[in-house]
Each structure stands twice: as C-alpha cells, then as structure tokens.
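Listed below, chain by chain, are the residues.
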Amino acid sequence: MAWRVWLWLLSLSILWGGSFFFAKVAVGELPPLTVVFGRVALAAIALNLVLAVAGHCLWRRGTPWSTFFSMGVLNNLVPFSLLFWAQTHIASGVASILNATTPLFTLVVAHFLTADEKMNATKVAALVLGLAGVAVLVGPSAIAYLDVGFWGQFACLGAALSYALAGVYGRRFKRMGIAPMEAAAGQVTASTILIIPIMLAVDQPWTLSGPPSATVWAALAGLALLSTALGYVLYFRVLAEAGATNLLLVTFLIPVTAILLGAAFLGERLEPTDIAGMLLIAVGLLILDGRLFARLRPGARPA
C-alpha cells in the first residue's frame, strides 16, 4: 500500500479505537441509548451536510430507505447499544478486544449466507484460535457465576456478530449502485430515526439529574464527528484504494489504541488473561489475513 493509505489506516484505527474511550466517558453520565442517539444523530447531521455540499441529497424520490434502515439496525443500532451498555460494566480495552472478533464471526456468517465465501481449513484454524482467545479472555469463573461482567462481555460478542451480519448485508450497496458516502449517511440517518422512540421510552432522558458536563459533550462530539463521520470517510477511502483485505489490518490496531487510551486516561489495567486472550485472537486474525505467514515460509519473496 502507498504511504498515504497506511496513514489513512493508522488514522482510522485511532478514530475507531478512540470510540471505546469516548463511549466510556459518555456512559459515565448518560444512559447507553442516549449516547447511541447522540452518536448517530450528530454523525447524520455532519454526513448529510457533506452530501449537500457535494450536490447530493438523501431526501429524494427512489432513495432505498428500507436498505438503509436494515443496515442501520445491523451496523449502528444493535452494536452501538450493546457495546455502550457493556462498557458500563467492563473496561473499554476488554470491549475493544472482544470487538476484534468481528472478522471471525464474518467467516461463519459468510459461509452460510454467501455463495462465494465458504469456510476452508485456514479459516477454521483462525476461527478455533479466535474462540480459544475469547474463552481465555472471558474465563471460567465468569461463566460459572454469570455475573454482570460476563453479560457485558457477551454483549460485546453480540455486537461483533451484528457487525459481521452488516458486512455481508452491506455488499448489496455496490450492486445497487449506491455511493459509499451516501450509504454511510443513509444508515446513520435511518439509525437516528429508529433510536429516538426507543431512547425516549427506555432512558427517559428528561429524568436525568442535570445536563451532561462539558467533558461528556466533548466525548459525544468525538464519537459522532471523529469516530463515526470522519471514520466512515476514511473507511471508504481505504476500501476503494486498497481493498477489503488490507482494510482488515485495522482490526489489529483498534485494541491497541483503545487499551492505551483506557490506561492513560481512565486508569484501566488489563489482567494477564486479557492479554493472553488478545494474543490468541490476534494470531487467529493473522492466519485469516495470511500475508505474514506467507512471507515467513522458506523461499518466499516480499511482494
């Protein structure tokens, strides 16, 4: 990849890794669904403004709203809600590690829901290592007692599964001729419409003791404008320039950013089992990616 693509990829990992930090700060004062609403609503405003400047508009005849609403549920509403709730009970670094299992869930989802992405021996090995990493990370004690920490970790895995389903479902945008920026704006706009009644019914934000602090407002702005709106722009740039396989590299980098931010600003510390689980998941992802092991084989030449 060109150096500019590496820069985009590194920037994307920081933005998406930072989303776990921003979310942890925001849920300290606001209920999870209110944070979801703030993230998608502000991102929708920003992305629709970008479209308007570019001379495009979602609000026209023929806009595929049913597709946007489906993608919004799978890629925003469900995973954001699960991750933000989880982070009220577990560290942001642990949440980011569990979220890194998304490509492994994608293996299973794609095997059953697509005709051209079936499992093979390499993918099975990657999946087994990833599952072993999750087992080590969660630990037998959490499973034995089924405490709130376990359910927080389970919620992160549910978010990863939802992202995997979104990845497979989102393949239809290219067939439908929907531009990437329009797809991003459409899904966060649809997510905003969907989350409003749910947030009002569940969180009842008018019952909060007071308005959120300036720190929380800044965290919401970071979630929406940096991690979501700008993140999508970089995501689609890397996808167009370097392809989906290279984009997978961001999965390795996101937990690093989230863990460093959590340690530096939130006082979070990872347990030895967290690190061991992360390493197993990382090896599984390396096997899935394939390039490192291909270069390590005797006689292999660098591309």
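(A) A look at the packing of helix α2 (residues 32-53) against helix α10 (residues 180-202). At a minimum axis distance of 8 Å, the contact between α2 and α10 shows a crossing angle of 150 degrees. For the element pair α2 / α10, the angle class is roughly antiparallel. Considering the relative orientation of α2 and α10, their crossing is left-handed. A breakdown of the residues in the contact of α2 with α10 according to their chemical character gives 18 nonpolar, five polar and one charged.

(B) How the structure looks around the side chain of S227. Tracing the chain through its elements places S227 in helix α11 (residues 214-247). Relative accessible area serves as the criterion here: at 1%, S227 is assigned to the buried category. Setting aside residues no more than four positions away along its own chain, S227 makes contact with L15, W16, G18, S19, F22, R39 and G222.

(C) Quick look at the pattern of salt bridges. Taken as a whole, this structure holds one salt bridge when the rule is applied. Across the pair E182 and R60 runs a salt bridge whose closest N-O atoms are separated by 2.8 Å. Highlighted residues: E182 in helix α10 and R60 in the loop between α2 and α3 (65-86), separated in sequence by 122 residues.

(D) View of the nonpolar core. Of all hydrophobic cores here, the largest spans 59 residues; its most connected members are V35, L83, F84, L98, C156, I195 and V238. Ignoring anything within four residues of it in the chain, the contact list for I195 reads L33, V36, F37, V40 and L77.

(E) Examining the side chain of T257 more closely. Position of T257 relative to the elements: it lies in helix α12 (residues 250-265). Residue classification places T257 among the buried residues on the basis of a relative accessible area of 13%. Filtering out sequence-adjacent residues up to four positions away, T257 remains in contact with S13, I14, G17 and G18.

(F) Quick look at α10. Compared with an ideal rise of 1.5 Å per residue, which puts 23 residues at 33 Å, α10 spans 32 Å between its outermost C-alpha atoms and is within 8% of the ideal. Of all the bends in α10, the greatest, near 35 degrees, is centred on I195, and the proline P197 appears no more than four residues after it. Note on α10: the residue one or two positions beyond its end, Q204, has a positive phi of about 45 degrees.

(G) Spotlight on a nonpolar patch on the surface. On the surface, a nonpolar cluster with roughly 510 Å² of combined accessible area is contributed by L42, I45, L49, L225, L226 and L230. Put simply, the parts of the chain that give the nonpolar patch at least two residues each are α2 and α11.

(H) How the structure looks around the packing of aromatic side chains. Inspection of every chain in the model, using the stated rule, returns eleven aromatic pairs. Centre to centre, the rings of W151 and F154 are 5.7 Å apart; their planes meet at 85 degrees, and the pair counts as edge-to-face. Here the residue W151 and the residue F154 both occupy positions in helix α8 (residues 148-169), the gap between them amounting to three residues, near one helical turn. The exposure class assigned to F154 is partly exposed, which follows from its relative accessible area of 48%. Ring pairing ties together the aromatic residues W59, W65, F68, F69 and F173, which thus form one cluster. Across the ring face of F80, the terminal group of R39 is positioned such that the distance to the ring centre comes to 3.9 Å.

Criteria and thresholds
- Residues numbered from 1 in each chain as written.
- Predicted model: local features only at pLDDT ≥ 70, side-chain atom pairs only at ≥ 80, totals over all residues.
- Heavy atoms only, no water.
- Axes fitted to C-alpha atoms, helices over the stretch in contact; angles between N-to-C directions.
- Helix = DSSP H or I, 4+ residues; strand = E, 2+ residues; numbered from the N terminus.
- Parallel < 35°, antiparallel > 145°, perpendicular 65-115°, else oblique.
- Left-handed = near helix turned anticlockwise from the far one by under 90°.
- Nonpolar A, V, L, I, M, F, W, Y, C, P; charged D, E, K, R; others polar.
- Buried < 20%, exposed > 50% of the residue type's maximum accessible area, 1.4 Å probe, protein only.
- Contact = heavy atoms within 4.5 Å.
- Salt bridge = Lys/Arg side-chain N within 4 Å of Asp/Glu carboxyl O.
- Core = buried A, V, L, I, M, F, W, Y, C linked by side-chain atoms within 4.5 Å.
- Expected span 1.5 Å × (residues − 1).
- Bend = angle between axes of the 7 residues up to and from the residue.
- Patch = residues over 30% accessible without salt bridge, like charges linked within 9 Å, V, L, I, M, F, W, Y side chains within 5 Å.
- Areas by Shrake-Rupley, 256 points an atom, 1.4 Å probe, with all protein chains shown as cover.
- Phe/Tyr/Trp six-rings, centres within 6.5 Å; stacked < 30°, edge-to-face > 60°.
- Lys NZ or Arg CZ within 6 Å of the ring centre and 35° of its normal.

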